[in-house]
Amino acid sequence: MKVSKLMLGLLLSCAALGIGAQTIIKFSHVVAADTPKGKAAEFFARKAAELTHGKVKVEVYANSALYKDKEEVEALQIGAVQMLAPSLAKFGPLGVKEFEAFDFPFMFDDTAELHLITQGPVGASLLAKLEPKGIKGLAYWDNGFKSFSANTPLKMPADYKGKKFRIQSSKVLEEQIRSVGGIPQVMAFSEVYQALQTGVVDGTENPISNFYTQKMHEVQKHLSITNHGYLGYAVIVNKKFWDGLPTDLRGQLEQAMKEATVYANKIAQEENDQALAGVRKSGKTIVYEPTKEERLALKKAMAPVHIKMTDRVGKETLQQFYKATGFDPTKL
Ligand code: LMR
């Protein structure tokens, strides 16, 4: 009797001190495990376990197993999951429209230009804008540049006319599709394969890593390597949960995130290259590399999106982006 009372006391004080209790972080995402984001999430989970000596367990849920696009941010805000890495386009619908600057067509020439934003003060100030929404931004993870696909060849802007393209929920992306006479169709990522298969939409845009791992090449005859816009992620956590973690644990998780970010950004291009090789090898989709002239024609056709959407996204943010990238839509 005496012993069990002692044990109970010990257990209760351990629980009060958090000793022995394991913190679970549910990390939900919508893409396949075998993608830049999927692999980086698994890397973070391993690092977190290692650096916290098992005090934190990160459970990764891939392929919209828990939530679809829009639902996942809401789930984070109410604390049903603790960590996500939504694409940057997902923050516009949340009311932080400045993030839609990332969606502007041809904004970045390459990843080095992108990193001037995501790894600099502008990127940090954008993440800070999420805090009033109960969200803390921890890092940016790369994916890559998007390409367009359809069942008919996509070379010149006229080839997009009258076709329905699935896009993420972004006013800038809607305008991008309209600029070439296409019909934008907002849809959750998990529904794209079926929509392409059944002809609900004619085409889509995504980095090749997403295109290939969702098997979209099975239901699209043509893929045009347009690299017309960027798609990448912000790793975010429920702010209340994060701020409530013991300082030492939070520090270890920050270190794990730092290492996962280096890893994510190192593998992103490789993963996209391998995915493209996979698409080519499948023989199911014709991969087309637009000529310089064709790409310029697309760039010119889409340039008015920048002017039209300036007020929505905000002049100040756009000027910061243009200053870093040197892009000038008025000079096309
Ligand atoms: C999409 O909806 O196309 C992307 O956000 C998917 C992703 O997370 O890469």
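Residues numbered from 1 in each chain as written. Predicted model: local features only at pLDDT ≥ 70, side-chain atom pairs only at ≥ 80, totals over all residues. Heavy atoms only, no water.

Moving on, we come to the overall build of the chain. When its secondary structure is counted, the chain shows 14 helices and 9 strands. A globule of 332 residues ought to have a C-alpha radius of gyration of about 20 Å, and the chain, at 22 Å, matches this closely. With 332 residues in all, the chain has 53% of them scored as buried. Excluding contacts between residues fewer than 6 apart, the proportion of contacts in the chain whose partners are at least 24 apart in sequence is 76%. For the chain, the accessible area works out to roughly 15100 Å², and carbon and sulfur atoms hold 55% of it. Charge separation in the chain, taken as the distance between the mean sites of 43 positive and 36 negative side-chain charges, equals 3 Å. (Helix = DSSP H or I, 4+ residues; strand = E, 2+ residues; numbered from the N terminus. Rg over C-alpha atoms; globule rule 2.2 N^0.38 Å. Buried < 20%, exposed > 50% of the residue type's maximum accessible area, 1.4 Å probe, protein only. Contact = heavy atoms within 4.5 Å. Areas by Shrake-Rupley, 256 points an atom, 1.4 Å probe, with all protein chains shown as cover. Lys, Arg positive; Asp, Glu negative; His and termini not counted. Charge placed at Lys NZ, Arg CZ, Asp CG, Glu CD.)

The subject of this paragraph is the packing of aromatic side chains. Applying the stated criterion across every chain, the model contains 14 aromatic pairs. Between the aromatic rings of Phe108 and Tyr230, the centroid separation amounts to 6.1 Å while the plane-to-plane angle is 80°, which identifies the pairing as edge-to-face. Taken together, the residues Phe108 in the loop between strand 3 (83–84) and helix 4 (111–118) and Tyr230 in strand 8 (residues 222–238) connect sequence positions 122 residues apart. Given a relative accessible area of 5%, Tyr230 falls into the buried group. Aromatic ring contacts, followed pair by pair, group Phe91, Phe99, Phe102, Phe108, Tyr140, Phe145, Tyr230 and Phe321 into a single cluster. (Phe/Tyr/Trp six-rings, centres within 6.5 Å; stacked < 30°, edge-to-face > 60°.)

Moving on to the site of the ligand. As a structural note, the neighbourhood of the ligand is formed by 13 residues, with Lys37, Lys90, Arg166, Asn210 and Tyr233 the closest of them. Lys90 is positioned such that a nitrogen or oxygen atom in its side chain is 2.8 Å from an oxygen atom of the ligand. Within the contact set of the ligand, an oxygen atom lies 2.9 Å away from a side-chain nitrogen or oxygen of Gln168. When the ligand sits alone it has 270 Å² of accessible area, and the protein chains cover 99% of it. Residues that form the shell around the ligand fall into these classes: 5 nonpolar, 4 polar and 4 charged. (Near = heavy atom within 4 Å. Polar contact = N/O pair within 3.5 Å; in protein donor to acceptor, adjacent residues only side chain to side chain. Nonpolar A, V, L, I, M, F, W, Y, C, P; charged D, E, K, R; others polar.)

Before going further, it helps to examine helix 14 (residues 315–325). For helix 14, the set of buried residues is Thr317, Leu318, Phe321, Tyr322 and Thr325. An end-on view of helix 14 places all buried positions within 135° of arc, on one side of the element. Turned more than 90 degrees off the buried face of helix 14, the exposed positions are Lys315, Glu316 and Lys323. Those residues of helix 14 hidden inside the fold are in contact with helix 4, helix 5 (121–128), helix 12 (304–308) and helix 13 (310–313). At the exit of helix 14 stands Gly326, carrying a positive phi of roughly 75°. (Arc of directions from axis to C-beta.)

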